[in-house]
Amino acid sequence: MSYSPQNIRNICLLGHGGNGKTTLVESFLSLTGGSDRMGRTSEGNTVCDYDPEEIKRQISISAAVAPVEYNGCKINVLDTPGNFDFAGEVAECLSVADAGILVCAAKGGLSVGTERAWKYLSQRKMPRIVYISKMDEDNVDYNSAFNTLREYFGKNIAPVVAPIWDESKKVIGIIDVLHKRAFEFGPGGGRVEIEVPENKKPVLDELYDALKESVAETSEEFMDRYFGGEEFSEDEIRQALRVNVAEGSIVPVLMGSNILARGIYTLLVDIVKYLPSPEKRTCTGINAKTNEVYNADYDFAKAKSAYIWKTIADPFIGKYSLIKVNSGVLKTDDILFNQHKDVEEKVGKLYVMRGNKPEEVKELHAGDIGALAKLSGATTTDSLSTKANPILYIRTTISTPYTCKRYKAKNKGDEDKISQALQKLMLEDLTLKAVNDSENGQTLLYGMGDQHLEVAASKLFERYKVEIELKRPKVAFRETIRKKVDVEYKYKKQSGGHGQYGHVKMTFEPSGDLETPYVFEQQV
């Protein structure tokens, strides 16, 4: 089934490692019928963590996409790694996401990963929702987590829901702060409306005031009315949320339990209600023929164009180029032109990816995320369009890797196989680089950290059956002149006749050019 731009949401899950991003995807899929059962990271059966390395280490290593169909909308959920060693995957997802879900754990305070994720979203001026996960754990404190978020990120953090606990401090329900209604969780993620508990009414009033304060921050008119003691109507708050969440000036906070599927329906409703569809976002490129700005803006009526944001090159499932359609409608057997490689390629079949499983579709509308198989010359960050209307989109900026180790083949004769296998890994991962250091007689593997390099070495063995040894690199130590020095020497020798005499003055100083070994000048 194809979806028009207004019925698509492209969201990126961000947050510290272990906060429950992958499990949240499982909960989405389970509740909406996208999977038969809810997988768990500890059991190695989740949709997004499909790589053997992810299963073994129980962490996300590669970005993955899972389409969730809910209430007539298609939500393309982009699951990102929380470990900093795999920051390149996060950058790729953010290049095609229209909004972010910041996943925070209910316990443990504000993590470094949460702060960094917020920074990523702010740099791109991207709307977001904060989701507090793991509310099923013992001794969680929602109020403390919310207050920490508000203290650090400001009064635009708006409470939309609040938990209801039983006597044993287990979350059994949820309060809708805006409508001042309460619901008790039922089986299968459902809920039943109940009266707001008496002991929760003061908390509800406090959170409602915080919600009004967030709304007041969005305009001078609201601010004057708020300080004047005037009440906002429910419609005014609802409209303010719709407009300002999409603009990023209000950030709703929701909460739930991924494992118990509690609070997930509320999150899905708010994703569809508040986060923008692609048609509300802008997208521009350059027409390679005219050098004029091309406003694609996810308009399905314009000439077709797409951007390759990620590549999967797996010996078991083949090569897939993951794309976002920026304009037009892609159909099977279309001919697309790659301006970067100056080559035309036939699309063949169109797919949407569910983890590592391709599902064939007939067409992809502007704003949707899908995949193309076996594009021979295409690589990540390439642009695809028609030859009559060649469009170039800005390539995603990927972090430069600085951690390196020296590597060599464990078995003699495997050098060529290792080189070919590394090329395939680097096709998938733009933060992985293999460099031949001829000066020191070594080959170096660059990555974002030690764990990144260890994962790469393990993938070489698991996928391509070649082994490498990682060791500390050799470093060529060099000296250079740092300041100006004058020296003088006189040579005298008298052995009869005219004798010998020499007077030399020499000046040594930095040339300022680190590329040229030295500059020699002579004066008489």
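Residues numbered from 1 in each chain as written. Predicted model: local features only at pLDDT ≥ 70, side-chain atom pairs only at ≥ 80, totals over all residues. Heavy atoms only, no water.

### Examining the pattern of salt bridges
Note the following rule: Just to be clear on terms, a salt bridge is a Lys or Arg side-chain nitrogen sitting within 4 Å of an Asp or Glu carboxyl oxygen. Every helix listed is a DSSP run of H or I at least four residues long, and every strand listed is a run of E at least two residues long, numbered separately from the N terminus. Only protein chains enter the calculation, and the probe is 1.4 Å; a residue is then buried if its accessible area is under 20% of its type maximum, exposed if over 50%, and partly exposed in between.
Using the criterion set out here, one finds 27 salt bridges in the structure. In this structure, aspartate 98 and lysine 324 form a salt bridge, with 3.0 Å as the shortest nitrogen-oxygen distance. Residue aspartate 98 is located in the loop between α3 (87-94) and β4 (99-105), and its partner lysine 324 is located in strand β15 (residues 318-327); the two are separated by 226 residues in the primary sequence. Comparing aspartate 98 with lysine 324 shows no difference in burial state: the two are buried. For the salt bridge of lysine 410 with glutamate 467, the shortest nitrogen-to-oxygen distance reads 3.7 Å. With a gap of 57 residues between them, lysine 410 in the loop between β25 (403-409) and α10 (415-428) and glutamate 467 in the loop between α11 (450-464) and β28 (468-471) connect regions that are remote in the sequence.

### Concerning the sheet that holds strand β13 (residues 293-295)
For clarity, the threshold we go by: Whether two strands pair comes down to DSSP finding at least two bridges between them.
Strand order in the open sheet formed by three strands is β13-β12-β24, and the pairing between neighbours is antiparallel. At either end of the open sheet lies a strand with only one pairing partner, and these are β13 and β24 (391-392). Examined bridge by bridge, strand β12 (residues 284-287) and β13 share three bridges and lie antiparallel to one another. Paired with threonine 284 across the two strands is asparagine 295, which belongs to β13.

### Brief notes about the pairing of strand β22 (residues 369-373)
Across the five residues that make up β22, a large majority, five, are buried. Burial of β22 is two-sided: the residues Ile369, Ala371 and Ala373 facing one way and the residues Gly370 and Leu372 facing the other way are all buried. Direction of pairing for β15 relative to β22: antiparallel, over a ladder of five bridges. Across the sheet, the residue bridging to tyrosine 320 is alanine 373, located in β22. With two bridges joining them, strand β19 (residues 350-354) and β22 adopt antiparallel strand pairing. Considered in β22, the bridge of tyrosine 351 is made with alanine 371.

### Details of the pairing of strand β17 (residues 335-338)
In this structure, β17 lies alongside strand β18 (residues 343-346), joined through four bridges in antiparallel fashion. The residue bridging isoleucine 335 from the neighbouring strand is lysine 346, located in β18. Once β17 ends, the chain turns through four residues before running back antiparallel as β18, passing aspartate 342 with a positive phi of about 55 degrees. As paired elements, β17 and strand β23 (residues 383-385) share two bridges and run antiparallel to each other. Each bridged residue has a counterpart across the sheet, and for phenylalanine 337 the counterpart in β23 is serine 385.

### Let's talk about helix α5 (residues 142-153)
Inclusion rule: A helix is expected to span 1.5 Å for every residue after the first. Along the arc lie the directions from the helix axis toward the C-beta atoms. As used in this structure description, the phrase polar contact means that two N or O atoms lie within 3.5 Å; if the pair is within protein, one of them must be able to donate a hydrogen and the other to accept it, and residues adjacent in sequence are counted only when both atoms belong to side chains.
For α5, built from twelve residues, the straight-helix expectation of 16 Å at 1.5 Å per residue is met to within 8% by its first-to-last C-alpha distance of 16 Å. Taken residue by residue, α5 has Tyr142, Ala145, Phe146, Leu149, Arg150 and Phe153 as its buried positions. Viewed end-on, α5 has its buried residues packed into an arc of 130 degrees, placing them on one side of the element. One side-chain oxygen at the N-terminal end of α5 lies 3.3 Å from the backbone nitrogen of asparagine 143; it belongs to aspartate 141.

### Some points on the packing of aromatic side chains
Applicable threshold: Side-chain rings of Phe, Tyr and Trp, where Trp is taken by its six-membered ring, are said to pair if the distance between their centres is within 6.5 Å; with planes under 30 degrees apart they count as stacked, over 60 as edge-to-face, and otherwise as tilted.
Within the structure shown, the criterion is met by seven aromatic pairs. Taking 3.9 Å as the distance between ring centres and 15 degrees as the angle between the ring planes, the aromatic pair formed by tryptophan 118 and phenylalanine 153 counts as stacked. Placement of tryptophan 118 in helix α4 (residues 112-123) and of phenylalanine 153 in helix α5 is noted, with a sequence separation of 35 residues between them. In textbook terms, an aromatic cluster arises when at least three aromatic residues are bridged by ring pairs, as seen for Trp118, Tyr152 and Phe153.

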